[in-house]
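# Close look at the chain arrangement
Below are the chains, spelled out letter by letter.
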Amino acid sequence: MGFIWMIIVGLVAGLLARAIKPGSDPMGWIMTIILGIVGALLGGFIAGLVGIDADGGFTGLIFSVVGAIIVLFIYEMIMSKRRL
């Protein structure tokens, strides 16, 4: 059940990050889920550095979205360099 929950939270965090960050992001559902999962891992790491317990709930979702936005910026920088 934990793996399915991780996919659902990753999808929600990825969708929220793509909705908050301006610009077009041509990626499908699978990449959005991966974006959200990696963002959740990064957000959890950042929360740990700051000293905040983000193991779930609203705080965990906020840090997941912040992490997903950071990952989305990195993804766009890599993809824009590839197009040149």
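Predicted model only: the values in this text are computed from it and were never measured.

## Considering the overall build of the protein
- Broken down by element type, the protein carries 3 helices and 0 strands.
- In sequence order, the secondary structure elements of the protein are arranged as α-α-α.
- The C-alpha atoms of the protein give 13 Å as radius of gyration, which agrees with the globular expectation for 84 residues (12 Å, within 12%).
- Taken over 84 residues, the protein has a buried fraction of 30%.

## Focus on a nonpolar patch on the surface
- A grouping of Phe3, Ile4, Trp5, Met6, Ile8, Val12, Leu16 and Ile20 is seen on the molecular surface, where their side chains present a nonpolar patch of about 790 Å² in accessible area.
- Turning to its location among the elements, Phe3 is positioned in helix α1 (residues 2–20).

## Things to note about the side chain of Lys21
- Along the chain, Lys21 falls in the loop between α1 and α2 (29–50).
- Within polar-contact distance, the side chain of Lys21 engages the side chain of Glu76 at 2.8 Å.
- Those residues in contact with Lys21 that sit more than four places away from it in its chain are Leu72, Phe73 and Glu76.

## Comments concerning the confidence of the model for the protein
- With 94% of its residues at a pLDDT of 70 or more, the protein has an overall mean of 82.
- Here α1 is the element of the protein with the lowest mean pLDDT, 82, and α2 is the one with the highest, 87.

Rules used throughout
- Residues numbered from 1 in each chain as written.
- Predicted model: local features only at pLDDT ≥ 70, side-chain atom pairs only at ≥ 80, totals over all residues.
- Heavy atoms only, no water.
- Helix = DSSP H or I, 4+ residues; strand = E, 2+ residues; numbered from the N terminus.
- Rg over C-alpha atoms; globule rule 2.2 N^0.38 Å.
- Buried < 20%, exposed > 50% of the residue type's maximum accessible area, 1.4 Å probe, protein only.
- Patch = residues over 30% accessible without salt bridge, like charges linked within 9 Å, V, L, I, M, F, W, Y side chains within 5 Å.
- Areas by Shrake-Rupley, 256 points an atom, 1.4 Å probe, with all protein chains shown as cover.
- Salt bridge = Lys/Arg side-chain N within 4 Å of Asp/Glu carboxyl O.
- Polar contact = N/O pair within 3.5 Å; in protein donor to acceptor, adjacent residues only side chain to side chain.
- Contact = heavy atoms within 4.5 Å.
- pLDDT = per-residue confidence, 0-100.

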